[in-house]
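# Geometric and topological summary
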Number of protein chains: 2
Amino acid sequence: MDVIRTKAALRARVAQWQAAGEAVALTPTMGAVHEGHLSLVRLGLERADRCVATIFVNPRQFGPNEDFTTYPRDEEGDLAKFRSAGCDAVYIPDPGQMYGTDYKTEVTVTDISDVMEGASRPGFFTGVATVVSKLLIQSLPDIAIFGEKDFQQLAVIRTMARDLDLPTEILGAPTVREADGLALSSRNAYLTPREREIAPSLHRAMIAAAESVRTGAAPHVAAEQAKRDVLAAGFQQVAYIDIRSQDTFAPAEALSENLRIFAAATLGSCRLIDNIAV
Amino acid sequence: MDVIRTKAALRARVAQWQAAGEAVALTPTMGAVHEGHLSLVRLGLERADRCVATIFVNPRQFGPNEDFTTYPRDEEGDLAKFRSAGCDAVYIPDPGQMYGTDYKTEVTVTDISDVMEGASRPGFFTGVATVVSKLLIQSLPDIAIFGEKDFQQLAVIRTMARDLDLPTEILGAPTVREADGLALSSRNAYLTPREREIAPSLHRAMIAAAESVRTGAAPHVAAEQAKRDVLAAGFQQVAYIDIRSQDTFAPAEALSENLRIFAAATLGSCRLIDNIAV
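Being a predicted model, the structure only gives us computed values, none of them experimental.

### As for the environment of V176 of chain B
Residues and elements named next belong to chain B. Within the secondary structure layout, V176 lies in the loop between β7 (169-173) and α7 (193-198). As for V176 and H37, which are separated by 139 residues in sequence, their C-alpha atoms are 8.9 Å apart. Setting aside residues up to four positions removed in sequence, V176 forms contacts with E35, G36, S39 and L184.

### Re helix α6 (residues 151-163) of chain A
Residue and element names in this part refer to chain A. Over its 13 residues, α6 runs 18 Å from end to end, which matches the ideal 18 Å to within 8%, given 1.5 Å per residue. Taking burial as the measure, the 13 residues of α6 include 10 buried ones, the bulk of the element. Of the positions making up α6, those classed as buried are F151, Q152, Q153, A155, V156, I157, T159, M160, A161 and D163. A positive backbone phi angle near 65° is found at D165, which sits one or two residues after α6.

### Describing the interface of chain A and chain B
On the side of chain B, 23 residues touch chain A, which itself brings 23 residues to the contact. For the side of chain A that touches chain B, the secondary structure elements donating two or more residues are α1 (7-19), β5 (105-109), α5 (124-139) and α6 of chain A. For the side of chain A that touches chain B, a count of residues per class yields 9 nonpolar, 6 polar and 8 charged. As paired elements, β5 of chain A and strand β5 (residues 105-109) of chain B share 5 bridges and run antiparallel to each other. The residue of β5 of chain B that forms the bridge with E106 of chain A is T108 of chain B.

### Comments concerning the relation of the copies chain A and chain B
For the pair chain A and chain B, the relating rotation is 180°, the translation along its axis is 0.0 Å, and the fit reaches an RMSD of 0.0 Å. Here the transformation between the copies is reduced to the relation of a two-fold axis. Considering only C-alpha atoms, the residue of chain A closest to the rotation axis is V107 of chain A, which sits at 2.3 Å. Both copies contact each other with a shared surface, as 100% of the interface residues of chain A are interface residues in chain B too.

### Topic: the sheet that holds strand β10 (residues 270-277) of chain A
Residues and elements named next belong to chain A. If you walk across this open sheet you meet the 3 strands as β8-β9-β10, and the pairing is antiparallel. In the strand order of this sheet, the two ends are held by β8 (237-245) and β10, each with one partner. The sheet shows a mean angle of 10° between the axes of neighbouring strands, direction not considered. The pairing of strand β9 (residues 259-267) with β10 spans 8 bridges and is antiparallel.

### Observations regarding the pairing of strand β6 (residues 143-147) of chain B
Residues and elements named next belong to chain B. Of all the 5 residues making up β6, 4 are buried; the element is thus mostly covered by neighbouring parts of the structure. In the sheet, β6 pairs with β7 via 5 bridges, with the strands oriented parallel. Bridging across to β7, I145 finds its partner in L171.

### Quick word on the environment of A263 of chain A
All names here are of chain A. By the secondary structure assignment, A263 is in strand β9. As a C-alpha pair, A263 and A199 span 64 residues in sequence and 13 Å in three-dimensional space. In this view, A263 contacts L202, M206, Y240, I241, I273, D274 and N275; residues no more than four positions away in its chain are not counted.

### Concerning the pairing of strand β2 (residues 24-29) of chain B
Residue and element names in this part refer to chain B. Burial of β2 is extensive: 6 of the 6 residues sit out of reach of the surface. What you see with β2 is no split at all: V24, L26 and P28 on one side and A25, T27 and T29 on the other are buried throughout. Looking at chain direction, β2 and strand β3 (residues 50-55) are connected through 6 bridges and run parallel. Opposite L26, over in β3, you have V52 as the bridge partner. Regarding topology, helix α2 (residues 35-47) serves as the crossover connection from β2 to the parallel β3, and that connection is right-handed.

### Side note on α2 of chain B
All names here are of chain B. The end-to-end C-alpha distance of α2 is 18 Å, a good match for the 18 Å that 13 residues give at a rise of 1.5 Å each. Residues G36, H37, L38, L40, V41, L43 and G44 constitute the buried set of α2. Of the surrounding elements, those touching the buried residues of α2 are β2, β3, α3 (75-85), β6 and β7.

Cut-offs used in this document
Residues numbered from 1 in each chain as written. Chains lettered and ligands numbered in written order. Predicted model: local features only at pLDDT ≥ 70, side-chain atom pairs only at ≥ 80, totals over all residues. Helix = DSSP H or I, 4+ residues; strand = E, 2+ residues; numbered from the N terminus. Contact = placed C-beta atoms within 7 Å. Expected span 1.5 Å × (residues − 1). Buried ≥ 20, exposed ≤ 12 C-beta atoms within 10 Å, placed from the backbone. Nonpolar A, V, L, I, M, F, W, Y, C, P; charged D, E, K, R; others polar. Pairing = 2+ DSSP bridges. Least-squares fit on C-alpha atoms with pLDDT ≥ 70 in both. Axes fitted to C-alpha atoms, helices over the stretch in contact; angles between N-to-C directions. Right-handed = clockwise from strand over helix to strand, strands pointing away.

Right, here's the structure in full:
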């Protein structure tokens, strides 16, 4: 497995494979690799001949009071996991490869960036769309794979890639969960043992809300009940629990096709997000 | 000369040349082609093996009260001129190739987009950076050429291409002028014969200001004199006449290297812009 540190080397490596007729998948990550990330790599290797993972903790997608400095980092452990999953290369950009001191360009996806994570975390989706457009342009892969755990992020990236005419197909991969339903996330490392016991109640409340919408409850009533359940279970704060169209992110007025329930809530120092189909 | 109407055909044609070892130049235009545009094509053919011109009047770079609907259009005439200059292909995107009905993505270059044309025309540089990033990603040329007549636009595009890691070198080409000094522009077609006589006074006032800065005048004093000269010559309004660094666009306090004088002024229904080195 190659470890690539410069964008020039990344571009050359991917182009070399493509010139030999091999399709290349890219799986961008911020490291702190878990089974969810490895499922992206496995999907990449199913759909393409080569898979390149990237590790870059992107400062531009963290707000001033967020966890950029404390975000878990474990380069050696990450490389071992990517190697064991069959990655052909890992791109870990050297300092200055992504944002020079004079960096000025932002990519913004309007409309679908305004709600939920976008409303809770100003600038987050511009940071994401910017770094992902750079990674995709640096490598020009055939496909790129992102987790459905960050469902709104996946939609923002898919829209950005379509709108900017990038030659890359964007694929989503299903959320990987612990046995008790907790969605895998690098940030789960922030949970204390006690919080870790409480954490799956978010997913349980979402399943209950989805079931109650399917059996006739108004979406906003079901969502309100889920918020009460999550707070009762011990979460400190609910940023949102929303039932929306998974295509347009318009709030659901009644049961219909393609609804999804989206949640973000804080437990101790950890902000958890999750989403499931209704 | 090929006339290409879809982004898929554009990408395929450029890739085909590049696979054969030929370097490709792109010269994006809004049509209404004049000698200035043809000089870009000639520079493209000097620096690359193939030159593709594009014609697209980009709605996203016009403000609500600007001249999008009346902007001069002459596809047949443009094609004949590009053919005679030796273009290998012209890309004229069919409706819907550039912005679908659900289009949501914007590319913004901060800081250098805020002054002069950016201050006078809100949204203009976001429209420019967005359309040019799309054209460059659709075609992935080796070089792309833009006129120095739109000097600030050239800087915005150069910054965007660098920041997004596009595999394309951005080149500027010198402003082409009429014998009396008026910079060529598609919008000169809006000038009445009387206005056409007045128009070169903008360039003359800029030359005088540059000379007076070189011989010791304070930049802001020379710029104020140029504004008075332009208004006295018959221009209705001066949006700005500024002396700035051509690298950072910081206002000049005194004579130094790399200063440039930038101007925008209205004559009748025509907004003229120009710039020269101090």
